[in-house]
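# Chains, contacts and geometry: an overview
Spelled out, the chains give:
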Amino acid sequence: MPPGPTQPYHGSSLMPSIEHATVGDAMHPGILSCDRDATSTEVARMMATHHVHCIAVMGLSDDREPQPIVWGIVSDLDLIEAGVGGALEQTAAALAQQPIISVNPSTPIREAGQLMLTHGAAHLVVVDANSQRPIGILSTLDIAGILAWGEG
């Protein structure tokens, strides 16, 4: 059985080519998240501790039975912009500048890359196709891995 979303190819010459790869082949499962009122320092410490480039800002949906949703994304560049601009002590909600774009694991990687380019987003939220719950993140670096290691 070839590796799939639960058995990633990361850093392997067995990774599928960009013509055949899906989001599930390249994504990082799981999401590091914080509440909307987390401080920028807390967000920065999470990124530094876990060596990631974004943190999902979680909130509740407006449904009759609220469900946790990704409300925003704070990227490392959002933190740098706040820090260099002298406005570092903000909440995660205020820092979240990237648009939320969702894809599912079966989305072709080329399509995901085009969404990133069209919307100027460095990270996509990967959601379960059935429940629409967030299950991972796809970054530009993940797509670079496909380009670097994809067979073909």
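Up top is the structure.
Scope of this entry: the structure provided in the associated data block. Remember, predicted model here, so these are calculated numbers, not experimental data. Within each chain, residue numbers correspond to sequence positions counted from 1 in written order. With the structure being a predicted model, the display of local features is reserved for residues of pLDDT at least 70 and the display and counting of side-chain atom pairs for 80 or more, all residues being used for whole-chain, interface and lining totals. Hydrogens are left out, water is left out, and the side-chain values use all remaining heavy atoms of the structure.

### Thoughts on the packing of helix 5 (residues 109-119) against helix 6 (residues 140-149)
Heads up, the rule is: Angles shown run from 0 to 180 degrees and are taken between the N-to-C directions of axes, each axis being a line fitted to C-alpha atoms and, for helices, limited to the stretch in contact. Helix and strand assignments follow DSSP, with helices taken as H or I runs no shorter than four residues and strands as E runs no shorter than two, numbered in order from the N terminus. Between 65 and 115 degrees an angle is taken as roughly perpendicular, under 35 as roughly parallel, over 145 as roughly antiparallel, and anywhere else as oblique. Should the near helix be turned anticlockwise from the far one by less than a right angle, the crossing is left-handed, and should it be turned clockwise, the crossing is right-handed. Whether two residues are in contact is decided by their heavy atoms: any pair within 4.5 Å suffices. Only Asp, Glu, Lys and Arg are considered charged in this grouping, and only Ala, Val, Leu, Ile, Met, Phe, Trp, Tyr, Cys and Pro are considered nonpolar; every other residue, Gly among them, is considered polar.
The geometry of helix 5 relative to helix 6 is characterised by a closest axis approach of 11 Å and an angle of 140 degrees between their N-to-C directions. Classified by the interaxial angle, the pair formed by helix 5 and helix 6 is oblique. Where helix 5 crosses over helix 6, the two elements pack in a sense that is left-handed. Listed contacts from helix 6 to I109, G113 and M116 of helix 5 are T140, I143 and I146. In the contact of helix 5 with helix 6, the residues fall into four nonpolar, two polar and no charged.

### Regarding the side chain of S139
This is how the line gets drawn: Only protein chains enter the accessibility calculation, which uses a 1.4 Å probe; a residue whose area is less than 20% of its type maximum is buried, one above 50% is exposed, and one in between is partly exposed.
Within the fold, S139 resides in strand 7 (residues 134-139). Judged by its relative accessible area of 12%, S139 falls in the buried class. Look past the residues within four positions of S139 in its chain and what remains in contact with it is M116, A122 and H123.

### A few points about helix 3 (residues 76-84)
The condition is simple: Note that the arc is computed from the directions linking the helix axis to the C-beta atoms.
Residues of helix 3 that are buried: D78, L79 and A82. Down the axis of helix 3, the sector holding all buried residues measures 100 degrees, keeping them to one side. Away from its buried face, by an angle of more than 90 degrees, helix 3 presents the exposed residues L77, E81 and V84. Residue G86 follows helix 3 closely and has a positive phi angle near 80 degrees.

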